[in-house]
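Notes for the structure review
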Amino acid sequence: MGGPTALAYARVRLDPVVGAAIADAYMAAPVRDERAYAAYAAFCRETVRQYHYLVGRQEYGGLGVSVRIIDTDPYPDMASLTDDVRKRRLKVWASAATGNPHPYLSDGENDMFRAVHDVFGHAATGCGFDRHGEEAAWLKHSRMYSRLAGRALATETRGQNCAQIFHYGGTRFPQQKAVLLPRPLRHPRLVYTAEPATEAAASR
């Protein structure tokens, strides 16, 4: 798909001031906003297509990754995740097991998103689950979504992760929401890197 290299993604940094602003915006938002539904509909369609590509048989152009949904968090670190992905397998923590239902996505659709984000966001960049790694994974994965769907993606990744890290101190996951972050807080071109900026995702 072109774009920044893995080394460039490793330089992505999330400024704590920006992270706190994103967390505040997410926590202040309602659980659902009908104005976000068009973005979420596009996000859902595109996520399902990505999932079918992920699990599709290699002889038919898929990646042939075997996905298993389990009731516990499967990956304590990036090394265990990337090791599984190299072996064309992936475990996903079941949405139904978390007691935190999504107001728009079904549990199955949410599980599909967790799978594709782990592969196309985290494994693709080699970046982990701290605030910088989550920022890089969001930026990378945003390149696979349309402009409309990318608005929902920003909530599902950047918004939720910042709320978890900056509002709850990493101790709990926030309530899932179907809303849109303010435009400046979902814009990939505003991402900070430790080196001169490289090409980012298309403008949202």
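Refer to the preceding data block for the structure.
Keep in mind it's a predicted model, so treat the numbers as computed, not measured.

Conventions adopted
- Here, residues in each chain are numbered from 1, in the same order as that chain's written sequence.
- Totals for whole chains, interfaces and linings use every residue, but because this is a predicted model, local features are given only for residues with pLDDT of at least 70 and side-chain atom pairs only at 80 or more, for both listing and counting.
- Side-chain measures were taken over the full set of non-hydrogen atoms in the model, leaving aside hydrogen atoms and water.
- Buried Ala, Val, Leu, Ile, Met, Phe, Trp, Tyr and Cys residues form a nonpolar core when they are joined through side-chain atoms within 4.5 Å.
- The cut-offs for exposure are 20% and 50% of the maximum accessible area for each residue type, with area from a 1.4 Å probe on protein chains only; residues under the lower value are buried, those over the upper are exposed, and the others partly exposed.
- Helix numbers and strand numbers start at the N terminus; a helix is a DSSP run of H or I with at least 4 residues, a strand a run of E with at least 2.
- Here, residues are in contact when the closest pair of their heavy atoms is within 4.5 Å.
- By convention, a stacked pair of Phe, Tyr or Trp rings (six-membered ring in the case of Trp) has centres within 6.5 Å and planes under 30 degrees apart, an edge-to-face pair has planes over 60 apart, and any other such pair is tilted.
- The criterion is that NZ of a Lys, or CZ of an Arg, lies within 6 Å of the ring centre and within 35 degrees of the ring normal, and then a charge sits over that ring.

1. Brief notes about the nonpolar core
- Counting residues in each nonpolar core, the largest one holds 43 residues, and the members touching the most others are Phe43, Leu54, Val67 and Leu90.
- For this core, the leading source of residues is helix H3 (residues 37-55), giving seven residues.
- Once you skip the residues sitting within four places of it in the chain, valine 67 turns out to touch Tyr51, Leu54, Val55, Leu90, Val92 and Ala115.

2. Focus: the packing of aromatic side chains
- If you walk through the whole model with that rule in mind, you get six aromatic pairs.
- Between tyrosine 37 and tyrosine 104 the ring centres are 5.3 Å apart and the planes differ by 55 degrees, which places this aromatic pair in the tilted class. Within this pair, whereas tyrosine 37 is found in helix H3, its partner tyrosine 104 is found in the loop between strand S3 (89-93) and helix H5 (107-125), the two being separated by 67 residues in sequence.
- When the ring of tyrosine 40 is compared with that of phenylalanine 43, the centres are 6.0 Å apart and the planes differ by 70 degrees; the resulting orientation is edge-to-face. Of this pair, tyrosine 40 and phenylalanine 43 both sit in helix H3, three residues apart, which is roughly one turn of the helix. Across the pair, phenylalanine 43 and tyrosine 40 agree in class, each one buried.
- The aromatic ring of tyrosine 26 is capped on one face by lysine 177, whose charged end is 5.1 Å from the ring centroid.

3. A closer look at the environment of valine 179
- Mapped onto the elements, valine 179 comes out in the loop between helix H7 (147-167) and strand S4 (192-193).
- For valine 179, a relative accessible area of 3% puts it in the buried group.
- Along the sequence, valine 179 and glycine 159 sit 20 residues apart, while their C-alpha atoms lie 9.7 Å from each other.
- Leave out the neighbours within four places in its chain, and valine 179 touches Ala29, Pro30, Val31, Arg32, Asp33, Ala36, Tyr40 and Thr155.

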